[in-house]
Amino acid sequence: MTKPRVLSGIQPTADSFHLGNYLGAVKQWVALQDSHDAFYCVVDLHAITMRHEPELLRRRTRIAAAQLLGAGLDPDRCTLFVQSHVPEHAELQWVLSCITGFGEASRMTQFKDKSAKGGADASSVGLFTYPILQAADILLYEANQVPVGEDQRQHLELTRDLGQRFNHRFGATFVLPEAYIPPAAARIADLQDPAIKMSKSTSSPQGIIDLLDEPGRIRKKIARAVTDPGSEVRADEAAKPGVTNLLRIYSALTGEPISALENKYGSGGYGAFKKDVAEAVVATFTPIREKTEKVLADEAYLDQVLASGAGRAGEVARRTMDTVRDRVGFVPRMDRGDR
Ligand code: TYM
């Protein structure tokens, strides 16, 4: 029996992933490797939609791939690759952008948020069409499921709409994917401001825990995390957003249900609870950081993993693009053996 396919991507826009990336996405990626035919990419094309430094991008792309291996992706059980190594992503994006309405693209809230910050002139056309590139990433691989955090839900809906529209106009071609969003860790909040999500672009350094943070920093940040009036450890989004966020983090890391944690800590105050949350984060992140450092020290190994991933991903992507070119009505290029 063939396994269902998953695809997901992560941007190499910081020196480290953060706890939200880990719990919302990467932890799921690792868990799905055996039950699914898994494709995961470091989306460097997406990372140039905002102003960037070329050398920094190159370094961060390698760090991103190393962290994914450090977190437990196994190149023998999944396909890990860099988006720009497979040119079909950009090619399919063009075709899809020609069936995307301007108004439809304008409604994407991430674009609205990001462009509001920099003003219309600071926002590139690439930032505007970013979700269409994401749709291309997913549709190229005929993914059944896409493990992501809550903030990507709207992009997934656009992906389904575009896949369906293409199928309707040109004949059945694409599989329509489902979002795979972990209920408890769908939106990890900023530690200093639980009203906003933990995010590399908006969180203060104290509000965000990096995957590569040293244990001392992790402990300090959690000890200083904003909690709420009172002393009861109880999940209550409206009255206790800070404590609720910490409960979600602890539960997602340890697998202990939130109700069991509420019983365990009760009204004993926040001190002991925060200490245990910090130790759970440290226990998860320390081996990941150590493995990431090992992988980064062996550049030849990392390059070979990414080359073989690009080879496998490229095969699937080329097959899909051959079909797409044919359906759209492009003349086949005979010297290449196109259909
Ligand atoms: P990116 O790089 O911003 O984030 C990577 C993943 O981390 C999740 N995430 C969170 N989950 C829970 N709580 C948070 N605070 C939090 N912050 C981030 C994101 O939901 C995401 O799953 N557009 C995508 C990258 C992308 C992609 C794709 C994803 C490009 N092509 C194809 C899936 C499929 C993005 O910018 O993710």
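Below, the structure is looked at part by part. Treat the numbers as computed from the prediction; the structure is a model and nothing was measured.

## Quick word on unusual backbone geometry
Okay, so step 1: The phi torsion at glutamate 142 lies on the positive side, around 50 degrees, for a residue other than glycine.
Okay, so step 2: Residue position: glutamate 142 is located in the loop between helix H6 (125-140) and strand E4 (145-147).
Okay, so step 3: On the basis of relative accessible area, glutamate 142 is assigned to the partly exposed category, the value being 34%.

## Remarks on the site of the ligand
Okay, so step 1: Lining the immediate surroundings of the ligand are 28 residues, of which Tyr130, Asp137, Gly149, Asp151 and Ile188 lie closest.
Okay, so step 2: At 3.1 Å, a side-chain N or O of asparagine 21 approaches an oxygen atom of the ligand.
Okay, so step 3: One nitrogen or oxygen atom from the main chain of glycine 149 is found 2.8 Å from an oxygen atom belonging to the ligand.
Okay, so step 4: Burial of the ligand by the protein chains amounts to 97% of its free accessible area of 720 Å².
Okay, so step 5: Elements with a contribution of two residues or more to the shell around the ligand: strand E1 (5-10), helix H1 (19-31) and H6.
Okay, so step 6: Its residues assigned to classes, the shell around the ligand shows twelve nonpolar, eleven polar and five charged.

## With respect to the state of the cysteines
Okay, so step 1: On inspection of all chains with the given rule, the structure shows zero disulfides.
Okay, so step 2: The thiol sulfur of cysteine 78 is not disulfide-bonded, and the nearest other cysteine sulfur, from cysteine 41, lies at 11 Å.

## A word on the packing of helix H3 (residues 88-97) against helix H12 (residues 299-328)
Okay, so step 1: Direction vectors running N to C along H3 and H12 enclose 25 degrees, while the axes themselves pass 10 Å from each other. In terms of orientation, H3 lies roughly parallel with respect to H12. Helix-helix and strand crossings are classified by hand; for H3 and H12 the assignment is left-handed. Contacts from Glu88, Glu91, Leu92 and Val95 in H3 reach Ala317, Arg318, Met321, Val324, Arg325 and Val328 in H12.
Okay, so step 2: Considering only residue class, the contact of H3 with H12 consists of six nonpolar, no polar and four charged.

## A closer look at the side chain of glutamine 152
Okay, so step 1: Secondary-structure assignment places glutamine 152 in the loop between E4 and helix H7 (153-170).
Okay, so step 2: On the accessibility criterion, glutamine 152 (13% relative accessible area) is buried.
Okay, so step 3: Here glutamine 152 is in contact with Gln110 and Gln134, once residues within four sequence places are set aside.

## Points about the pairing of strand E3 (residues 79-82)
Two faces, one strand: in a regular strand the side chains alternate between the faces of the sheet.
Okay, so step 1: Side chains of E3 alternate between two faces, with Thr79 and Phe81 and Leu80 and Val82 buried alike.
Okay, so step 2: Sheet analysis places strand E2 (residues 37-42) next to E3, joined by four bridges and oriented parallel. Counterpart to phenylalanine 39 in the pairing with E3 is threonine 79.
Okay, so step 3: For the crossover from E2 across helix H2 (residues 54-70) to E3, the handedness is right-handed.

## Let's talk about the layout of surface pockets
Okay, so step 1: Computed from the structure, the second largest pocket encloses a volume of approximately 190 Å³.
Okay, so step 2: Asp44, His52, Pro54, Leu57, Arg58, Thr61, Arg62, Val82, His85, Asp303 and Leu306 are the residues that line the second largest pocket.
Okay, so step 3: A per-element tally of the lining of the second largest pocket places H2 first, with five residues.
Okay, so step 4: Among the residues forming the lining of the second largest pocket, the class breakdown is four nonpolar, three polar and four charged.

## Focus: the pairing of E1
Okay, so step 1: Burial within E1 is extensive, with five of its six residues counted as buried.
Okay, so step 2: Judged from the six bridges that link them, E1 and E2 form a sheet pairing that is parallel. Residue pairing in the sheet places isoleucine 10 in a bridge with valine 42 of E2.

The rules behind the values
Residues numbered from 1 in each chain as written. Predicted model: local features only at pLDDT ≥ 70, side-chain atom pairs only at ≥ 80, totals over all residues. Heavy atoms only, no water. Helix = DSSP H or I, 4+ residues; strand = E, 2+ residues; numbered from the N terminus. Buried < 20%, exposed > 50% of the residue type's maximum accessible area, 1.4 Å probe, protein only. Near = heavy atom within 4 Å. Polar contact = N/O pair within 3.5 Å; in protein donor to acceptor, adjacent residues only side chain to side chain. Areas by Shrake-Rupley, 256 points an atom, 1.4 Å probe, with all protein chains shown as cover. Nonpolar A, V, L, I, M, F, W, Y, C, P; charged D, E, K, R; others polar. Disulfide = S-S within 2.5 Å. Axes fitted to C-alpha atoms, helices over the stretch in contact; angles between N-to-C directions. Parallel < 35°, antiparallel > 145°, perpendicular 65-115°, else oblique. Left-handed = near helix turned anticlockwise from the far one by under 90°. Contact = heavy atoms within 4.5 Å. Pairing = 2+ DSSP bridges. Right-handed = clockwise from strand over helix to strand, strands pointing away. 1 Å grid on protein atoms, 1.4 Å probe; cavity = no way out; pocket = protein on both sides within 12 Å on 5 of 7 lines; lining within 4 Å. Points joined across faces, edges and corners; volume = space filled by probe spheres on them.

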